[in-house]
Amino acid sequence: AQRVTQPEKLLSVFKGAPVELKCNYSYSGSPELFWYVQYSRQRLQLLLRHISRESIKGFTADLNKGETSFHLKKPFAQEEDSAMYYCALIPPGSGNTGKLIFGQGTTLQVKP
Amino acid sequence: EAEVAQSPRYKITEKSQAVAFWCDPISGHATLYWYRQILGQGPELLVQFQDESVVDDSQLPKDRFSAERLKGVDSTLKIQPAELGDSAMYLCASSPAAGPYEQYFGPGTRLTVT
């Protein structure tokens, strides 16, 4: 079945450690890929999108078409990075609907 | 800064009752989305509007759910009758247009069906 998979429900690291949040997808073709984040008591918001190839809050995400992955990385985690992170995509062939398919989410906990 | 508004924030209802949620998107945003998020899962699209027209309602349980966006601005999602399995967070999002654009989410409505 076509899906977005985030294999880790919880990722716990110490402040200053590198972080990698994994995302794998099973769609063929070239989906549009995103990472959304939800901080405690805040609404879901866009962190970054592959199409803009930008770095937000020190996070980057690399698309690996061969492995169909879009892992989110940050070299040095900060306590304020603690949040729920969702990988999402717009499936190929969705035209211009913008319909997002979300993964299950990974909780990142950064310990002091 | 403009935000998507939703009400109510919390709703408790008994099964078989009717319930309605309201969403006011960011002014000027033509595209409006309703998502359902079951605890421990990611959001799942229920329905998408482009202005007042439904673009995608393939995942909307149409026997009990309905959605409208009559003037292409705010929107209402209704469930009648509610079932225990409908307990979830209902999220509204908007974007300036359909496509690979940032979606701006509201705070959500937490529904509990007893």
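What counts and how
- Residues numbered from 1 in each chain as written.
- Chains lettered and ligands numbered in written order.
- Predicted model: local features only at pLDDT ≥ 70, side-chain atom pairs only at ≥ 80, totals over all residues.
- Heavy atoms only, no water.
- Core = buried A, V, L, I, M, F, W, Y, C linked by side-chain atoms within 4.5 Å.
- Buried < 20%, exposed > 50% of the residue type's maximum accessible area, 1.4 Å probe, protein only.
- Helix = DSSP H or I, 4+ residues; strand = E, 2+ residues; numbered from the N terminus.
- Contact = heavy atoms within 4.5 Å.
- Buried area = accessible area lost by both parts, 1.4 Å probe.
- Salt bridge = Lys/Arg side-chain N within 4 Å of Asp/Glu carboxyl O.
- Polar contact = N/O pair within 3.5 Å; in protein donor to acceptor, adjacent residues only side chain to side chain.
- Nonpolar A, V, L, I, M, F, W, Y, C, P; charged D, E, K, R; others polar.
- Pairing = 2+ DSSP bridges.

Enquirer: Just checking my understanding: could you explain the nonpolar core for this structure?
Expert: If you look at soluble globular proteins, the nonpolar side chains tend to sit buried side by side. All names here are of chain A. Among the nonpolar cores identified, the biggest contains 25 residues, and Trp35, Leu47, Leu48, Leu72 and Tyr85 are the most heavily contacted of them. Counting residues per element, the ones that place at least two in this core are strand S2 (10–14), strand S3 (19–21), strand S5 (32–38), strand S6 (45–49), strand S8 (69–74), strand S9 (83–90) and strand S11 (106–111). Broken down by element, this core gets its largest block of residues, four residues, from S9. For Tyr85, the contacting residues outside a window of four places in its chain are Gln6, Leu21, Trp35, Tyr36, Val37, Tyr39, Leu47, Phe59, Leu72, Gly105, Thr106 and Leu108.

Enquirer: What should I look at first to understand the interface of chain B and chain A in this one?
Expert: By a frequent convention, interface size equals the accessible area lost on bringing the separate parts together. With 23 residues of chain B at the contact, the number on the chain A side is 18 residues. Where chain B abuts chain A, roughly 1700 Å² becomes buried across the two surfaces, and 52% of that area is made up of carbon and sulfur atoms. Three residues, B:Pro100, B:Glu102 and B:Phe105, lead the burial of chain B against chain A; their summed loss comes to 32% of the area buried on that side. Across the chain B-chain A interface, the total number found is two salt bridges. Close ionic contact of A:Arg43 with B:Glu3 constitutes a salt bridge, the shortest N to O distance being 3.6 Å. The tally of links from chain B across to chain A stands at seven residue pairs in polar contact (both at pLDDT 80 or more). For the side of chain B that touches chain A, the secondary-structure elements that each account for two or more residues are strand S4 (31–37), strand S5 (44–50) and strand S6 (53–56) of chain B. Here the residues of the side of chain B that touches chain A sort into eleven nonpolar, nine polar and three charged.

Enquirer: What's the story with the environment of B:Gln17 in this structure? I'm lost.
Expert: Residues and elements named next belong to chain B. Residue position: Gln17 is located in the loop between strand S2 (10–13) and strand S3 (19–24). For the pair formed by Gln17 and Gln80, sequence separation is 63 residues and the distance between their alpha carbons is 6.4 Å. With residues near it in sequence (within four places) discarded, Gln17 still touches Ile79, Gln80, Pro81 and Ala82.

Enquirer: Explanation requested: the pairing of strand S11 (residues 109–113) of chain B in the structure shown.
Expert: Each regular strand displays side chains that alternate between the two surfaces of the sheet. All names here are of chain B. Burial along S11 is one-sided: the face carrying Thr109, Leu111 and Val113 is buried and the face carrying Arg110 and Thr112 is not. As paired strands, S2 and S11 are joined by four bridges and run parallel to one another. From the neighbouring strand, Lys11 faces S11, where its bridge partner is Leu111. With three bridges joining them, strand S9 (residues 88–95) and S11 adopt antiparallel strand pairing. Residue pairing across strands places Ala88 opposite Leu111, the latter belonging to S11.

Enquirer: When you look at the side chain of A:Lys99 in this model, what are you seeing that I'm missing?
Expert: Mapped onto the elements, A:Lys99 comes out in the loop between S9 and strand S10 (101–102). Since its relative accessible area comes to 16%, A:Lys99 is described here as buried. If we ignore the near neighbours within four places in the chain, the residues touching A:Lys99 are A:Leu89, A:Ile90, A:Pro91, B:Leu45, B:Gln48, B:Asp56 and B:Ser58.

Enquirer: So what exactly am I meant to see when it comes to unusual backbone geometry here?
Expert: Negative phi characterises most residues that are not glycine, and trans characterises most peptide bonds. Residues B:Ser7 and B:Pro8 are joined by a peptide bond in cis, for which omega reads -5°. For B:Pro8, the location among the structural elements is in the loop between strand S1 (5–7) and S2. Backbone torsion omega between B:Gln80 and B:Pro81 reads -5°, so that peptide bond is classified as cis. With respect to the helices and strands, the residue B:Pro81 is situated in the loop between strand S8 (75–79) and S9. We note that A:Lys57 has phi near 55°; this positive angle belongs to a residue other than glycine. One non-glycine residue with positive phi stands out, namely B:Ser16, at about 80°. For B:Ser16, the position within the fold is in the loop between S2 and S3.

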